[in-house]
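Below, each chain spelled out in residue letters.
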Amino acid sequence: GIHTGKDCFVTISPAPENTGIIFRVDGVEIEALHSNVVNTSRATCLGKDGVRLDTVEHLLSACAGLKISNVIIDVEGPEIPILDGSAIPWVEELLKVGIEEMGSFCNVLRFEKTIVHQSNGSLMIAVPSENFSLTCVIIFDHQMLGTAAETFCEDPNDYVNMIAPARTFAMSEEIEKLKESGLALGGSLDNALVIYPDHFSSALRVENECLRHKALDLFGDLSLAGGKICAAVTAIRPGHKVNTEFAGILANNAKNYSLNDLADGLKSVKETESQGVSHARY
Ligand code: ZN
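Things to note about the pairing of strand 10 (residues 115–119)
Here is step 1: The alternating pattern of strand 10 places Ile115, His117 and Ser119 on a buried face, while none of Val116 and Gln118, on the opposite face, is buried.
Here is step 2: Bridge analysis of strand 10 against strand 11 (residues 122–128) gives five bridges, and the strand direction is antiparallel. Residue His117 lies in a different strand from strand 11, and its bridge partner there is Met124.
Here is step 3: The loop that links strand 10 with its antiparallel partner strand 11 comprises two residues; one of these, Asn120, has a positive phi angle of about 50 degrees.

Here's what the structure looks like:
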């Protein structure tokens, strides 16, 4: 893992309808829901019953991008491996095995009005819509990054081609600080794009790679809302903290969806009208 530098093992198994995404760590089942977020300082960390699991966002992003909604993920070790810093290794493994369409519909989160959340210089907006889309805006005071915006739809092919390859990035001066504080011990030029004052550590894999990595993180973090988000989401200066807060706000403001359902492990919500959204599982 990138933060602890320890070896971690992950086994992903198919799960029946209405399971949702569940991590199993040391015998504890941790649902991939905003209510289980325990830390967001460098990565998104889930926890329950005294068990913690770090850096879940890239694997969750791969599942969300491929529209996988039922899966059990067994993890040995304290965090999900960083691999090459992107979601592509997960996407490739999942596509290799194949995704099964399921008979019932996945949870659908619908909204009656626009939802806005502001926190620490970040702004999140969700405008009700039939389908999910994501506009990501980055604003950096850095000559290699600056300000950029791009909009993505929920098409898995676009996710695989445009978003999944985008690597984790870090500013060169940040790396030293992280190592001093005992984090990023497993980080290297193999699993992150390092941004120096006037150059990148390697050629970019995709256009706007840093912005697209922010979008990758958002796909994972917003999936903690627990269902398909029927909204056009705009995220200005996103980050794990504001992303996961917004996932909770969306879940709590969605129609046909209540906290009891969340506590029930996503069992009881069934969309009444056909959405054309099928439950897929790995
Ligand atoms: Zn990330």
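Additional details are given in the paragraphs that follow.
Looking at the coordination of the zinc ion
Here is step 1: Looking at the zinc ion, one finds its protein donor set to be His58 (NE2), His213 (NE2), Asp217 (OD) and Asp217 (OD), positioned 2.1 to 2.7 Å from the metal centre.
Here is step 2: One way to put it: the four donor atoms around the zinc ion meet at angles of 52 to 147 degrees, and that makes the site irregular.

With respect to the packing of aromatic side chains
Here is step 1: Inspection of every chain in the model, using the stated rule, returns three aromatic pairs.
Here is step 2: Geometrically, the ring pair formed by Phe140 and Phe169 is edge-to-face, given 6.0 Å between the ring centres and 80 degrees between the ring planes. Taken together, the residues span a long stretch of sequence, with Phe140 in the loop between strand 12 (133–139) and strand 13 (147–153) and Phe169 in strand 14 (residues 169–171) at a distance of 29 residues.
Here is step 3: Note on Phe140: relative accessible area 24%, which makes it partly exposed.
Here is step 4: Note on Phe169: relative accessible area 13%, which makes it buried.
Here is step 5: Judged by centre distance (5.2 Å) and plane angle (45 degrees), the rings of Tyr159 and Phe219 are tilted. A residue pair is termed long-range when its members are at least 10 positions apart, and Tyr159 in helix 3 (residues 156–163) and Phe219 in helix 5 (residues 209–222) qualify at 60 residues.

Concerning the environment of Glu100
Here is step 1: Along the polypeptide, Glu100 turns up in strand 8 (residues 100–105).
Here is step 2: Along the chain, Glu100 and Pro14 lie 86 residues apart, while their C-alpha atoms are 8.9 Å from each other.

Topic: the side chain of Lys214
Here is step 1: Relative to the helices and strands, Lys214 resides in helix 5.
Here is step 2: Asp217 provides the closest opposite charge to the buried, unpaired Lys214, separated from it by 5.6 Å.
Here is step 3: For Lys214, the side chain forms a polar contact with the main-chain oxygen of Pro238, separated by 3.4 Å.
Here is step 4: Here Lys214 is in contact with Cys136, Ile138, Phe140, Phe169 and Pro238, once residues within four sequence places are set aside.

Topic: the sheet that holds strand 1 (residues 9–14)
Here is step 1: The mixed open sheet is built from four strands, whose spatial order is 1-7-2-3. The open sheet is flanked by strand 1 and strand 3 (28–31), the only strands paired with a single partner. Averaged over all pairs of adjacent strands, the angle between their axes in this sheet comes to 25 degrees, without regard to strand direction.
Here is step 2: Note: strand 2 (residues 21–25) against strand 3, four bridges, orientation antiparallel. Looking at the pairing, Phe23 lines up with Ile30 of strand 3.
Here is step 3: Its contacts with the sheet place helix 1 (residues 57–65) against strand 1, strand 2 and strand 7 (71–76), and it is angled at close to 150 degrees to strand 2.

Definitions and limits used
- Residues numbered from 1 in each chain as written.
- Predicted model: local features only at pLDDT ≥ 70, side-chain atom pairs only at ≥ 80, totals over all residues.
- Heavy atoms only, no water.
- Buried < 20%, exposed > 50% of the residue type's maximum accessible area, 1.4 Å probe, protein only.
- Helix = DSSP H or I, 4+ residues; strand = E, 2+ residues; numbered from the N terminus.
- Pairing = 2+ DSSP bridges.
- Donors = N, O, S within 2.8 Å, 3.2 Å for Na, K, Ca; no water.
- Tetrahedral: all angles 85-135°; square planar, octahedral: opposite > 155°, others 65-115°.
- Phe/Tyr/Trp six-rings, centres within 6.5 Å; stacked < 30°, edge-to-face > 60°.
- Lys, Arg positive; Asp, Glu negative; His and termini not counted.
- Salt bridge = Lys/Arg side-chain N within 4 Å of Asp/Glu carboxyl O.
- Polar contact = N/O pair within 3.5 Å; in protein donor to acceptor, adjacent residues only side chain to side chain.
- Contact = heavy atoms within 4.5 Å.
- Axes fitted to C-alpha atoms, helices over the stretch in contact; angles between N-to-C directions.

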